[in-house]
Amino acid sequence: MSLEQSKANATAFYDLMFNQNRPAEAVERYVGATYTQHNPAVPDGKDAFIAYFERMSREYPGKRLGLRRVLGDGDYVVLHCYQQWRNDDDCAGIDIFRFDAQGKIVEHWDVLQRIPGTAANPNTMF
């Protein structure tokens, strides 16, 4: 699979899972036979991922994810995201996905940082 197709798949996966609140369908379409999770708050595996994001959908109705950058290198795709939550708990996030030879997501890392109300510089986080 081409790098451009992997980037498109990572983008579609996150939109379906996060914005459309359909994690089971996102996993069925875009995740490989295994799913290794490096976020310490989310258990390994596809079923655990689905359960986690189904709970997030219930607890955070109206959550949104906007992509600011999509980068790729070999089997890896990186998403620079703006995550909108309730109560002004918005975050800047970096998600890294590794794809297998069939073009399916098999591994994930992420880091999140709350967007503060004020900053020590005039730059945005995006």
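In what follows, the accompanying structure is described. (Residues numbered from 1 in each chain as written. Predicted model: local features only at pLDDT ≥ 70, side-chain atom pairs only at ≥ 80, totals over all residues. Heavy atoms only, no water.)

So, the nonpolar core
For clarity, the threshold we go by: Among buried residues, those of type Ala, Val, Leu, Ile, Met, Phe, Trp, Tyr and Cys that are joined through side-chain atoms within 4.5 Å constitute a nonpolar core. Think of it in three bands: residues with accessible area under 20% of the maximum for their type are buried, residues over 50% are exposed, and the middle band is partly exposed, with areas taken using a 1.4 Å probe on protein chains only. Only DSSP runs of H or I covering at least 4 residues are called helices, and only runs of E covering at least 2 are called strands; the numbering of each starts at the N terminus. Every residue pair with non-hydrogen atoms within 4.5 Å of one another is taken to be in contact.
Core analysis: the largest hydrophobic core is formed by 26 residues, its most contacted members being F13, Y14, F97 and I105. When residues of this core are traced back to their parent elements, those giving at least two are α1 (3-19), α2 (23-30), β1 (31-37), α3 (46-59), β3 (76-84) and β4 (91-99). The greatest single-element share of this core, amounting to six residues, is contributed by α1. The contact partners of Y14, leaving out residues within four places of it in the chain, are N19, L65, L79, C81, D95, F97 and H108.

Remarks on the pattern of salt bridges
Let me state the cut-off plainly: Definition used for salt bridges: Asp or Glu carboxyl oxygen within 4 Å of a side-chain nitrogen of Lys or Arg.
With the rule as written, the count across this model stands at five salt bridges. The closest approach of N and O atoms between R22 and E25, which form a salt bridge, is 2.8 Å. With a shortest N-O distance of 2.7 Å, E107 and R98 are connected by a salt bridge. A relative accessible area of 12% means that E107 is categorised as buried. Judged by relative accessible area, which is 26%, R98 ranks as partly exposed.

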